[in-house]
Amino acid sequence: MKKLIMLVLLISLSCKNNVEDKVNGVSFVSSGDEVAQIHVNPVLDIHANYAAIMPFGFIPEADSSELIFNSERQWFGETRIGAKQYIEMLHKNGVHTMMKPQIWIRHGEFTGNLTMQSEAEWENLEDSYSKFILLYAELAQETNTEILCIGTELASFVKNRPEYWNRLITEVRKVYKGKITYAANWDEYAKTPFWNKLDFIGVNAYFPICERQNPTMQTMREGWQPWKTKLKELALEVKKPMLFTEFGYRSMDYAGKKPWLVERNEEKVNLQAQADATQVLFEEFWDEDWFAGGFVWKWFMHHDKVGGLADNRFTPQNKPAESVIRKQYAKLHRYNL
């Protein structure tokens with residue numbers, strides 16, 4: 001009888017070791033200010049257990065090979081010292097973190113098009129990018145950051161230089177012992193060649209799900225099905241959990257048509273569309289064993305000064321979508337792949 005009880009306990013412990021809580025995260029936008037408790041409280045209020053910290057590197061043009069980062073000219077939160085302060089403050093409050101260094105190309109050009117014109121330029125970019133990522137990999141290790149994202153929406157860079165990315169992953173593993181992912185754009189993830197070397201399949205989930213101006217939840221749910229099937233197939237094939245490194249919708253008409261749009265347009269504010277689209281995403285993914293969770297795009301530090309009922313941008317802050325997120329994140333969900 002004692003042997004049977006011991007066997008049951010061992011099986012139970014083994015299962016627990018393979019089951020982890022979902023990432024209920026926010027993309028915590030960098031600021032010129034230090035993070036104080038008043039800035040963390042709204043994150044706690046929606047029951048978020050993770051925050052993505054995003055230090056930035058800058059490139060003058062889409063064909064430039066030199067990355068400028070950790071500069072005195074940058075905002076506090078975009079630098080190493082700022083990222084460290086953000087992480088320590090969030091950890092103090094029991095919020096886990098994902099380090100997510102990102103590139104900004106002048107005029108907001110899409111990073112997926114970053115392409116060099118010669119071998120020398122590619123090698124210079126690789127050297128510069130490695131210094132950028134390894135700086136923050138070392139910081140992630142120093143601060144016991146739980147996840148490190150080694151790149152965001154760099155389709156052309158990945159396609160043209162696959163050997164470099166394999167080397168970079170190896171170098172990162174030497175200095176950082178936590179879990180690693182890469183944030184592939186929604187139309188890039190299926191062609192990303194190194195998922196088997198990472199801990200999560202990272203996807204920025206701006207999938208087009210509906211072209212209607214004011215879609216119903218059922219219409220959006222139907223729009224998700226082909227994408228969901230492909231995401232699940234990849235997760236099971238690679239045997240890695242799927243993580244939405246970014247997800248979210250703008251609070252405007254046609255919210256599900258081109259969810260990746262960032263330019264300032266005059267589409268009518270539609271708070272319900274944002275809330276409904278967010279609810280549908282939660283219902284479709286958060287109960288799936290192969291799905292690890294995700295990070296809402298995006299969450300600003302000064303909660304009382306952003307979002308609101310007249311805003312058609314991404315943030316859910318001070319909108320009905322915030323209540324949807326709060327209710328979802330209050331639930332206990334786990335994944336087990």
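Look a little higher up for the structure.
Worth saying up front: this structure is predicted, and the values here are computed from it rather than measured.

(A) Quick look at the packing of helix α8 (residues 271–285) against helix α9 (residues 320–329). Where α8 contacts α9, the axes come no closer than 8 Å and their chain directions differ by 20°. The orientation of α8 relative to α9 falls into the category roughly parallel. In the crossing of α8 with α9, the sense of the turn from one axis to the other is right-handed. Packed against α8, whose contacting residues are Leu 271, Gln 274, Ala 275, Thr 278, Gln 279 and Phe 282, the element α9 presents Pro 320, Ala 321, Val 324, Ile 325, Gln 328 and Tyr 329 at the interface. Class assignment of the residues belonging to the contact of α8 with α9 gives a composition of 8 nonpolar, 4 polar and no charged.

(B) Fine view of helix α3 (residues 80–92). Along its 13 residues, α3 runs 18 Å from first to last C-alpha, staying within 8% of the 18 Å computed at 1.5 Å per residue. Along α3, the residues classified as buried are Gly 82, Ala 83, Gln 85, Tyr 86, Ile 87, Met 89 and Leu 90. Taken together, the buried residues of α3 touch β2 (23–28), α2 (37–45), β3 (50–53), β6 (96–99) and α4 (119–142). Following α3 by one or two positions, Gly 94 has its phi on the positive side, about 80°.

(C) A look at the environment of Glu 267. Here Glu 267 lies in the loop between β11 (242–247) and α8. Along the backbone, Glu 267 and Met 252 are 15 residues apart, and their C-alpha atoms lie at a distance of 6.0 Å. The residues touching Glu 267, leaving out its near neighbours within four places in the chain, are Met 252, Asp 253, Tyr 254 and Asn 312.

(D) Highlighting the pattern of salt bridges. Within the structure shown, the criterion is met by 19 salt bridges. Its salt-bridge partner being Arg 161, residue Glu 119 comes within 3.0 Å of it at the nearest N-O pair. In this pair, Glu 119 is assigned in helix α4 and Arg 161 in the loop between α5 (155–160) and α6 (162–175), connecting sequence segments 42 residues apart. Judged by its relative accessible area of 12%, Arg 161 falls in the buried class. In this structure, the salt-bridge partner of Lys 131 is Asp 127, at a minimum N-O distance of 3.3 Å. Linking Lys 131 with Asp 127, this pair stays in helix α4, spanning 4 residues, or about one helical turn. We classify Asp 127 as partly exposed; its relative accessible area is 39%. Through salt bridges with shared partners, a single ionic network connects Arg 221, Lys 228, Glu 283, Glu 284 and Glu 288.

(E) View of the sheet that holds strand β8 (residues 147–152). As summarised here, the arrangement of the 8 strands in space is β2-β3-β6-β8-β9-β10-β11-β12, forming a closed barrel in which the pairing is parallel. Between one strand axis and the next, the sheet turns through 25° on average, direction left out of account. Bridge count for β2 against β3 is 4 bridges, and the pairing is parallel. Following the sheet pairing, Gly 25 is matched in β3 by Tyr 50. Where α6 meets the sheet, it contacts β8 and β9 (179–185), and its direction lies at approximately 155° from that of β8.

(F) Summary view of the packing of α4 against α6. Between α4 and α6, the least distance of the axes is 9 Å, while the angle of their chain directions is 25°. As far as their axial angle goes, α6 and α4 are roughly parallel. Taken as a pair, α4 and α6 cross one another with a handedness that is right-handed. Of the residues in α6, those in contact with Glu 126, Tyr 129, Ser 130, Ile 133, Leu 134, Ala 137, Glu 138 and Gln 141 of α4 are Tyr 164, Trp 165, Arg 167, Leu 168, Glu 171, Val 172 and Val 175. Looking at side-chain class alone, the contact of α4 with α6 contains 9 nonpolar, 2 polar and 4 charged residues.

(G) View of the nonpolar core. Residues Tyr 129, Trp 165, Trp 224 and Phe 244 are the most contacted members of the largest nonpolar core, which totals 91 residues. In terms of residues, this core owes the most to one element, α4, which gives 11 residues. Those residues in contact with Tyr 129 that sit more than four places away from it in its chain are Leu 67, Ile 103, Ile 150, Gly 151, Leu 154, Phe 157, Tyr 164, Trp 165 and Leu 168. Core analysis: the second largest hydrophobic core is formed by 12 residues, Tyr 50, Phe 200, Phe 295 and Tyr 335 among them.

(H) Structural detail: the sheet that holds strand β5 (residues 68–69). Pairing is mixed across the open sheet formed by 3 strands, whose spatial order is β5-β4-β7. If you trace the sheet from one side to the other, it starts and ends with β5 and β7 (102–105), each paired once. Of the strand pairs in this sheet, strand β4 (residues 56–59) and β5 are connected by 2 bridges, and their pairing is antiparallel. Directly across from Gly 57, in β5, lies its bridge partner Phe 69.

Rules and cut-offs
- Residues numbered from 1 in each chain as written.
- Predicted model: local features only at pLDDT ≥ 70, side-chain atom pairs only at ≥ 80, totals over all residues.
- Heavy atoms only, no water.
- Axes fitted to C-alpha atoms, helices over the stretch in contact; angles between N-to-C directions.
- Helix = DSSP H or I, 4+ residues; strand = E, 2+ residues; numbered from the N terminus.
- Parallel < 35°, antiparallel > 145°, perpendicular 65-115°, else oblique.
- Left-handed = near helix turned anticlockwise from the far one by under 90°.
- Contact = heavy atoms within 4.5 Å.
- Nonpolar A, V, L, I, M, F, W, Y, C, P; charged D, E, K, R; others polar.
- Expected span 1.5 Å × (residues − 1).
- Buried < 20%, exposed > 50% of the residue type's maximum accessible area, 1.4 Å probe, protein only.
- Salt bridge = Lys/Arg side-chain N within 4 Å of Asp/Glu carboxyl O.
- Pairing = 2+ DSSP bridges.
- Core = buried A, V, L, I, M, F, W, Y, C linked by side-chain atoms within 4.5 Å.

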